[in-house]
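Notes for the structure review
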Amino acid sequence: MANIESVINWFRAREGRVTYDMTYPGRLGDKSYDCSSAVYYALIEAGFLPKGTGIGSTESLYALEGSLLQRISRSEVQRGDIFISGGKGTSAGANGHTGVFVSNSRIIHCNHGSNGISETSTEGGWMGGPPNDFYRLKGVTPEKPEEKKGEITMQCLYIKPTSGGATGIFYFNGYDTVHVPNMDTVKILKQIYKDNNGKDIPEYTWTAKEPWYARLEQVAPNRK
């Protein structure tokens, strides 16, 4: 059965181990690929395309809209979705790019910038384009992170009283508590947690009248 994680795993198995090559036969593996050939090989191995399917380009990926690929909006993007950049009819050669989302803000792709397969941000021009188009593999619902079985983590952010009647923001990473010095740090902690878990990090505000922070800090053995 076709599996989204198998698509991502194809890339992971070659991350940092192959080079980028747009020429023939270099783009056909197994030591080098370009962006679209990597996506094709991953889709074939994962069962979304039949074995023996010709290794196409961004233009032939665009042509799969309606049969294999269902167009979605940027805000709908989830793990396992695919981006194609450059626009239908204008993405040939170096004008186009493609890869697979590992989260809403991270992609894994074969790219010239890292001379191979790597995971990068979606920002900074890594997706190529514009235009950028976004697709979900038809008939597949990506697994929601909260439905995955595995380790349950205990991270949270909390506000508590500090000296002089002020309050401070603290981060509990499951083992220790750390004071968060500024809102930029809070922002990146929230983003990382959401990218990894698919939901917002829990946040609490505790006062001296309800000092639950003291109980939490008691289970942080490394706190000084």
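Since the structure is predicted, the reported quantities are computational estimates derived from the model, not experimental observations.

The subject of this paragraph is the overall build of the protein chain. Broken down by element type, the protein chain carries five helices and 12 strands. Since a compact globule built from 224 residues should have a radius of gyration of about 17 Å, the 22 Å found for the protein chain marks it as more spread out than a globular shape. Dimensions along the principal axes, computed over C-alpha positions, put the protein chain at roughly 70 × 35 × 30 Å. With 224 residues in all, the protein chain has 40% of them scored as buried. The long-range share in the protein chain, meaning contacts at least 24 apart out of those at least 6 apart in sequence, stands at 55%. Averaged over its 25 positive side-chain charges, the protein chain has a centre that lies 3 Å from the centre of its 24 negative ones.

Another aspect to go through is the nonpolar core. F11, L43 and F48 are the most contacted members of the largest nonpolar core, which totals 32 residues. Those elements giving two or more residues to this core turn out to be α1 (4-14), α2 (35-45), α3 (58-62), β4 (82-85), β5 (97-103), β6 (106-111) and β8 (132-137). The residues contacting L43, other than those within four sequence positions of it, are V7, F48, L49, L61, L68, I82 and L137.

The next point concerns the sheet that holds strand β12 (residues 203-205). Spatially, four strands are ordered β11-β10-β9-β12 in an open sheet, and the strand pairing comes out mixed. Two strands lie at the open edges of the sheet, namely β11 (177-180) and β12, each paired on one side alone. On average, adjacent strands in this sheet sit at an angle of 30° to one another, irrespective of strand direction. Summarising the sheet, strand β10 (residues 167-172) and β11 pair through four bridges and their orientation is antiparallel. Among the inter-strand pairings, I169 is bridged to a residue of β11, identified as V180.

Cut-offs and rules
- Residues numbered from 1 in each chain as written.
- Predicted model: local features only at pLDDT ≥ 70, side-chain atom pairs only at ≥ 80, totals over all residues.
- Heavy atoms only, no water.
- Helix = DSSP H or I, 4+ residues; strand = E, 2+ residues; numbered from the N terminus.
- Rg over C-alpha atoms; globule rule 2.2 N^0.38 Å.
- Buried < 20%, exposed > 50% of the residue type's maximum accessible area, 1.4 Å probe, protein only.
- Contact = heavy atoms within 4.5 Å.
- Lys, Arg positive; Asp, Glu negative; His and termini not counted.
- Charge placed at Lys NZ, Arg CZ, Asp CG, Glu CD.
- Core = buried A, V, L, I, M, F, W, Y, C linked by side-chain atoms within 4.5 Å.
- Pairing = 2+ DSSP bridges.
- Axes fitted to C-alpha atoms, helices over the stretch in contact; angles between N-to-C directions.

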